[in-house]
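An overview of the molecular structure
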Amino acid sequence: MLAGEGFVGAQTVPGFMIKGTLLDSNSKKPIEFATISILDSEKKVIALTYSDENGIFKSADVHVGSFFLNLSFVGYQQKSIPFEIKNSSVFEFGTIALKSESTQLKTVTITGSKQLVEQQPGMLIYNAEKDISNNGGTAADVLRKAPILNVDAAGNVTMRGSSNLRILINGKYSGQMARSPGDALNMMPAGSIKSVEVITSPSARYDAEGAAGVINIITKKGNQSTSGTLETVIGNMEQAINPRFTMNRDKWNVTSTLHMHRFRNKELVSLDRVSLESGQEGGRIQQDMIRDNAKPHGSGDLQVEYAADSSNLFNFSLNGWLGNWPQNSEQRNRRYSSAGDLIEEYRQSVKTKAPNKGLDFNLGYTHKFRKPGEELYLMAQHNRSQDDFNYNASQTDTEHLLIYREINNNRTKNSEWTFQGDYILPFSKSGKHALESGMKAILRNVGSTFNVSASEQATPELLIPVQARSDQFDYKQDVLAAYSQVKFKWAGGWALHAGARMEGTFLEGNQRTLAASFSNQFWNFVPSATFFKKLDANNNLTLSYTKRISRPSIWDLNPNKDTQNPNNIVIGNPSLRPEEVNQVEFTYALQTNSDLFVNVSLYGRKTGNSIESIITVDTAGIATTTKQNLASNEQYGLNLSTSFTVVPGWKINSNANLRYAEFESQALSISNSGTAWGININSSWKLPNNYSVQVYGDYDAQSVSLQGYKTSRLYYSFSAKKELPARRLTISFTTVSPFNNYIKQTEVVRSSGFIAREQSQYLLRTVRLSLNWEFGGMFKGGSGRKINNDDQKNAKQGG
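Please read all numbers here as calculations on a predicted model, not as lab measurements.

**A closer look at the overall build of the protein**
Counting its secondary structure elements, the protein contains 5 helices and 45 strands. By the compact-globule yardstick of 28 Å for 799 residues, the protein fits well, its C-alpha radius of gyration being 28 Å. In terms of its C-alpha atoms, the protein occupies a principal-axis envelope of roughly 90 × 55 × 45 Å. Restricting the contact set of the protein to residue pairs at least 6 apart, pairs at least 24 apart contribute 66%. With an accessible surface of roughly 33,500 Å², the protein has 55% of that area assigned to carbon and sulfur atoms. Averaging the coordinates of the 85 positive side-chain charges in the protein and doing the same for the 74 negative ones gives two points 7 Å apart.

Right, dumping it as structure tokens:
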């Protein structure tokens, strides 16, 4: 695996490292999440760590002298071992066995409780597998509970108010996320997710893409010889079957996951838009719309690792998906004059077909040299996908007579190759200081073919091709990148991680029918730096700076005019350029042996050339939405994450955020500013007889944008779980929004020419029952190594 973002350098062999393996004295099985404390001669704690899923623990926070190793875990007798560090760079404890405190209930399995949220330099880790309310859900449900992130009722993900972020799966970009991250997250079962890394200050090794930051979803991987699980989900809004299988033998590790899912999406939308003429009200448009769609889809994943020997590891993975994401709607439209007279009324029915399919293919190789910590990584990836979006719109008058028809068929094909190489060179045998460099090439080709046919007023039944709105848009985007970064660790708990990345982007676009083409190229220099100070075993400070960019996607650029909603037209902008973000962040973190975790982060972020959705309204009251580089914004905020145990068995974790945002567009003479805040609370209780219950609530107050604001929203859920260890069966019940049929949110958009108010109501009253049966060994997070595009937290742990 690649070295992680931590400063202890898990890929190297630090000076004065201690290591060992913790096992149950009876079963000889590894003990996971045990607390490992290192005490000095005066019995003061100087370092703290935990055993991983294989019972292995490591720590490099020791020096020459005499110490005590204290091992503790719920349900086991505490053990203290004296030891002395002299000249050896590694102190091996070997295998240590802990005795159970009670031998009466042999059928009861006692498991440790890892913190739900943990802190690493530049990131927060949400241990999703420890949250029972995720059972039977999807990745969207998981991200909703992660710190710093917001997921609205429609499934849109934002980080600190921005949707321009990068979502990775096991450190690699997935073609599933390209078309619609919200849809892709619904194609991923929550039960396959081990943890989520919310990376607010990415290092130079990460792609510069993702102005707001990076989300890295880590999936589970088995470590038993043969094991698996079968999950079935039944509910009023969704149904799913999620089998998983793993095999780990000798040098091979194979993991396979299948997800078959169907969910219902219902939304009620009411729009009231008033045109303004010299500040006075003009015409008015009112629209009521109902969307009620079932969205069946499925995905499969296969991961294979082969460790030829201790120096060479080969990695292969294959991920495929297919589904249908219709957006059928029924609309009622009314247009009024400035005097309030009804001048037009009609209904529109829109039938859509939106199938998509795709495939990700990955090959990776890692080689460890004889020098400790020196490693080489090579990776190749290919993504191929096809997305169709076809709509058939029919308008009828108040007497139900056909007055207009339109058909728009749009097919988008994407082909992408990625090649990457990384090299780590330690400066010394201790591994405290190291240089890491790498190169990457992304070759992306996208084609979008759209054909529009529409009727004329005299013959509404007859469809005629509209040449002016039919074309083929070919888009080529190549990205070449190189980076270099250094890591230094000094005595006294000080560390520095600094680097820079240079990315060149080369664009070509061509509209064949219109014979319009463009080409462009630009270079981005992306520096980053993080200072780290470990105050003691439990407290640390981090100061970081990073620069990020966000490139427009093919769907932002696509000039195909979407008029399925005739009063709200959407069109792409081929002239978009990337936006640039500079961010500074200061973090204080506290993590104690008493199950208390606190993370406080202050940040400031400035975005130039910002990509914003701009809405304009013509004289007939028709709105057109397109994205443009016509604004800048500044944000300053505070994030607080905490987790603690109230009494044994009762845990609470909470995330709160407060931010102030300023938006300005000199080109449009628009400015807006305001404060937004939000808080979520997650409380869980472990009850006797293997019962657990959980309550979750998430409130987000009003937030501002360039042209307006969104009102507050509330999301809440209740969950209960019953474990049957003898049968390896888990039964979970979850209900979302049981006291409210719909979740409401209103968006207000205004300019000098109009003011619009749109209220959306999302059907979220959900009842979900999930059954999870495990066979063979238990599913745990992977301990094997992995070739990744970007840094991973488990790289720090399992190297």
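There is more to say after this.
**Description of the side chain of Gln 348**
Turning to its location among the elements, Gln 348 is positioned in strand 22 (residues 342-353). For Gln 348, a relative accessible area of 2% puts it in the buried group. A polar contact of 2.8 Å, which involves the side chain of Gln 348, links it to the side chain of Gln 395. Those residues in contact with Gln 348 that sit more than four places away from it in its chain are Ser 329, Glu 330, Gln 331, Asn 333, Ala 393, Ser 394, Gln 395, Thr 563, Gln 564, Asn 565 and Pro 566.

**Concerning unusual backbone geometry**
We note that Asn 170 has phi near 55°; this positive angle belongs to a residue other than glycine. Mapped onto the elements, Asn 170 comes out in the loop between strand 12 (166-169) and strand 13 (172-173). Here the phi dihedral of Asn 690 falls at roughly 65°; this positive angle occurs in a residue that is not glycine. Tracing the sequence through the fold places Asn 690 in the loop between strand 37 (670-687) and strand 38 (691-700).

**Digging into the pattern of salt bridges**
If you walk through the whole model with that rule in mind, you get 29 salt bridges. One salt bridge in this structure joins Arg 205 and Glu 436, with 2.3 Å as the shortest N-O distance. Taken together, the positions of Arg 205 in the loop between strand 14 (193-199) and strand 15 (214-219) and Glu 436 in strand 26 (residues 434-454) put the pair 231 residues apart, joining distant regions of the chain. Accessibility expressed as a relative area gives 1% for Arg 205, which makes it buried. Accessibility expressed as a relative area gives 3% for Glu 436, which makes it buried. A salt bridge links Asp 556 to Lys 627; the shortest N-O distance between them is 3.4 Å. One end of the pair, Asp 556, is in helix 4 (residues 554-557); the other, Lys 627, is in strand 35 (residues 623-647), with 71 residues separating them in the sequence. The class of Lys 627 is partly exposed, set by a relative accessible area of 29%.

**Side note on the environment of Leu 313**
Tracing the backbone through its elements, the reader meets Leu 313 in strand 20 (residues 312-324). With 167 residues separating them along the chain, Leu 313 and Leu 480 place their C-alpha atoms 26 Å apart.

**Description of the nonpolar core**
Counting 30 residues, the largest nonpolar core has Tyr 126, Leu 143, Met 159, Leu 185, Ile 193, Val 196 and Ile 215 as the members making the most contacts within it. Apart from residues no more than four positions distant in its own chain, Leu 143 is found in contact with Leu 149, Val 151, Val 157, Leu 185, Val 196 and Ile 215. Val 62, Phe 73, Phe 83 and Ile 96 belong to the second-largest nonpolar core, a separate cluster that totals 20 residues.

**Comments concerning the sheet that holds strand 9 (residues 123-126)**
In spatial order, the strands read 8-9-14-15-12-13; together these 6 strands make up an open sheet with mixed pairing. The two strands at the open ends of the sheet, each matched to only one other strand, are strand 8 (117-120) and strand 13.

**Looking at the packing of aromatic side chains**
Geometry of an aromatic ring pair is reported as the spacing of the ring centres plus the angle between the planes. The full count for this structure, using the stated rule, is 24 aromatic pairs. When the ring of Phe 263 is compared with that of Trp 325, the centres are 6.1 Å apart and the planes differ by 55°; the resulting orientation is tilted. Taken together, the residues Phe 263 in strand 18 (residues 252-277) and Trp 325 in the loop between strand 20 and strand 21 (329-336) connect sequence positions 62 residues apart. When its relative accessible area of 5% is taken as the criterion, Trp 325 is described as buried. What links up through ring pairs into an aromatic cluster is the set Phe 57, Phe 67, Phe 83, Phe 91 and Phe 93. Between the NZ or CZ atom of Lys 145 and the centre of the ring of Tyr 696, over which it lies, the distance is 5.0 Å. In this structure, Lys 722 packs its charged tip against the face of Tyr 691, placed 4.3 Å from the ring centre.

**Some points on the confidence of the model for the protein**
Considering every residue of the protein, the mean pLDDT works out to 85; 90% of them sit at 70 or more. Overall, residues 102-113 carries pLDDT values under 50, and its contacts beyond four positions in sequence, including any with other chains, amount to 13 contacts. Every residue in residues 778-799 is under pLDDT 50, and counting partners more than four places away or in other chains gives 123 contacts.

**A word on the pairing of strand 24 (residues 375-396)**
Summarising the sheet, strand 22 and strand 24 pair through 7 bridges and their orientation is antiparallel. By the bridge assignment for strand 24, Ser 349 is matched with Ser 394. Here strand 23 (residues 355-368) folds back onto strand 24, and the loop between the two strands holds 6 residues, one of which, Gly 373, carries a positive phi near 90°. Here 22 bridges tie strand 24 to strand 25 (residues 402-426), and the two strands are oriented antiparallel to one another. Its bridge partner lying in strand 25, Asp 388 is registered against Arg 411. Between strand 24 and strand 25, which follow one another and run antiparallel, lie 5 residues, and His 400 among them has a positive phi close to 65°.

**Looking at the side chain of Asn 414**
Structurally, the position occupied by Asn 414 is in strand 25. Judged by its relative accessible area of 14%, Asn 414 falls in the buried class. Among all residues touching Asn 414, those that are not within four sequence positions of it are Asn 383, Arg 384, Ser 385, Arg 444, Asn 445 and Val 446.

**Description of the pairing of strand 44 (residues 754-763)**
Pairing between strand 18 and strand 44: 9 bridges, direction antiparallel. From the neighbouring strand, Leu 271 faces strand 44, where its bridge partner is Glu 758. Pairing of strand 43 (residues 742-751) with strand 44, which is carried by 10 bridges, proceeds in the antiparallel orientation. Residue pairing across strands places Arg 750 opposite Ile 755, the latter belonging to strand 44. The turn joining strand 43 and strand 44, which pair antiparallel and follow one another in sequence, is formed by 2 residues.

**Digging into the sheet that holds strand 4 (residues 56-59)**
Sheet architecture is open: 3 strands sit in the order 4-1-7, paired in mixed fashion. Of all the strands in the sheet, just strand 4 and strand 7 (90-98) have a single pairing partner and so form its edges. Put simply, the sheet's adjacent strands are angled 20° from each other on average, direction ignored. Sheet topology places strand 1 (residues 17-24) next to strand 7; 7 bridges connect them, and they run parallel. Bridge pairing in strand 7 links Lys 19 to Glu 92.

**Side note on the environment of Asn 633**
Within the secondary structure, Asn 633 sits in strand 35. C-alpha separation for the pair Asn 633 and Asn 609, spaced 24 residues apart in sequence, amounts to 9.0 Å. Within the local environment of Asn 633, its side chain forms a polar contact with the side chain of Ser 610, the two groups lying 3.4 Å apart.

**As for the environment of Glu 508**
Within the secondary structure, Glu 508 is located in strand 29 (residues 494-511). Taking C-alpha positions, Glu 508 is 25 Å from Pro 181, a pair spaced 327 residues apart along the chain. Dropping the residues within four chain positions of it, Glu 508 is found in contact with Asp 474, Tyr 475, Lys 476, Phe 518 and Ser 519.

Conventions adopted
- Residues numbered from 1 in each chain as written.
- Predicted model: local features only at pLDDT ≥ 70, side-chain atom pairs only at ≥ 80, totals over all residues.
- Heavy atoms only, no water.
- Helix = DSSP H or I, 4+ residues; strand = E, 2+ residues; numbered from the N terminus.
- Rg over C-alpha atoms; globule rule 2.2 N^0.38 Å.
- Contact = heavy atoms within 4.5 Å.
- Areas by Shrake-Rupley, 256 points an atom, 1.4 Å probe, with all protein chains shown as cover.
- Lys, Arg positive; Asp, Glu negative; His and termini not counted.
- Charge placed at Lys NZ, Arg CZ, Asp CG, Glu CD.
- Buried < 20%, exposed > 50% of the residue type's maximum accessible area, 1.4 Å probe, protein only.
- Polar contact = N/O pair within 3.5 Å; in protein donor to acceptor, adjacent residues only side chain to side chain.
- Salt bridge = Lys/Arg side-chain N within 4 Å of Asp/Glu carboxyl O.
- Core = buried A, V, L, I, M, F, W, Y, C linked by side-chain atoms within 4.5 Å.
- Pairing = 2+ DSSP bridges.
- Phe/Tyr/Trp six-rings, centres within 6.5 Å; stacked < 30°, edge-to-face > 60°.
- Lys NZ or Arg CZ within 6 Å of the ring centre and 35° of its normal.
- pLDDT = per-residue confidence, 0-100.
- Axes fitted to C-alpha atoms, helices over the stretch in contact; angles between N-to-C directions.

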